[in-house]
Amino acid sequence: MLLPRIASQAQFSTRRSLVTATMDVQTFEPVFNPAQTAVLLGTILIPFGYWWFITVPEARLLLSKDKRKGELNIYLKQLKEAEGRPVEQWFFQKWLGKTRPPVQEAP
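Predicted model, so just to flag it, every value in this text is computed and none were measured.

### Some points on a nonpolar patch on the surface
A cluster of nonpolar side chains, namely Phe48, Tyr50, Trp51, Trp52, Phe53 and Ile54, defines an oily patch on the protein surface of about 690 Å² accessible area. Tracing the backbone through its elements, the reader meets Trp52 in helix α2 (residues 34-69).

### Quick notes on the nonpolar core
Leu72, Leu76, Leu79, Phe92 and Leu96 form the largest nonpolar core, which has five residues in total. For this core, the element with the highest residue contribution is helix α3 (residues 71-81), accounting for three residues. For Phe92, the residues in contact, after removing those within four places along its chain, are Tyr75, Leu76 and Leu79.

### A few points about the packing of α2 against α3
α3 packs onto α2 with a crossing angle of 50 degrees between their chain directions and a minimal axis gap of 5 Å. The angle between α2 and α3 falls in the class oblique. Like other packed secondary-structure pairs, α2 and α3 cross with a definite hand, here right-handed. Residues Leu63, Asp66, Lys67, Arg68 and Lys69 of α2 form the contact with α3, whose own contacting residues are Glu71, Leu72 and Asn73. Considering only residue class, the contact of α2 with α3 consists of two nonpolar, one polar and five charged.

### With respect to α3
Every buried residue belonging to α3 is among Leu72, Asn73, Leu76 and Leu79, and all of these are buried. For α3, the buried positions fall inside an angular range of 125 degrees around the axis, keeping them on one side. In α3, those exposed residues whose orientation departs by more than 90 degrees from the buried face are Glu71, Ile74 and Glu81. The inward-facing, buried residues of α3 abut α2, α4 (86-91) and α5 (93-98).

### Thoughts on the confidence of the model for the protein chain
In the predicted model, the protein chain carries a mean pLDDT of 83, and the fraction of residues at 70 or more is 74%. By mean pLDDT, the top-scoring element of the protein chain is α2 (96), and the lowest-scoring one is helix α1 (residues 2-22) (56).

Each value, and the rule that gives it
Residues numbered from 1 in each chain as written. Predicted model: local features only at pLDDT ≥ 70, side-chain atom pairs only at ≥ 80, totals over all residues. Heavy atoms only, no water. Patch = residues over 30% accessible without salt bridge, like charges linked within 9 Å, V, L, I, M, F, W, Y side chains within 5 Å. Areas by Shrake-Rupley, 256 points an atom, 1.4 Å probe, with all protein chains shown as cover. Salt bridge = Lys/Arg side-chain N within 4 Å of Asp/Glu carboxyl O. Helix = DSSP H or I, 4+ residues; strand = E, 2+ residues; numbered from the N terminus. Core = buried A, V, L, I, M, F, W, Y, C linked by side-chain atoms within 4.5 Å. Buried < 20%, exposed > 50% of the residue type's maximum accessible area, 1.4 Å probe, protein only. Contact = heavy atoms within 4.5 Å. Axes fitted to C-alpha atoms, helices over the stretch in contact; angles between N-to-C directions. Parallel < 35°, antiparallel > 145°, perpendicular 65-115°, else oblique. Left-handed = near helix turned anticlockwise from the far one by under 90°. Nonpolar A, V, L, I, M, F, W, Y, C, P; charged D, E, K, R; others polar. Arc of directions from axis to C-beta. pLDDT = per-residue confidence, 0-100.

And the structure:
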């Protein structure tokens, strides 16, 4: 049983040496493809530009309206008057500092 294995390994090593002997050595040089670079940059920059110039300003505008007149304004007023919510007050301390105090009528 041991002999056929040794013989097959010897045959394999001779076959491998024949295969490697017939292979040519190739060198690969880097190739710059401007079209591929343009597609890559376009794939990244177009969605980012849309997000930065359209989505973000719209979201900021909606947030400012909500802070001034919407549900967020009501939440901030309740949070400013609440006593048992120090973590939330700490988290929103910038927004709470910028809320306008209620206008008092002159006597």
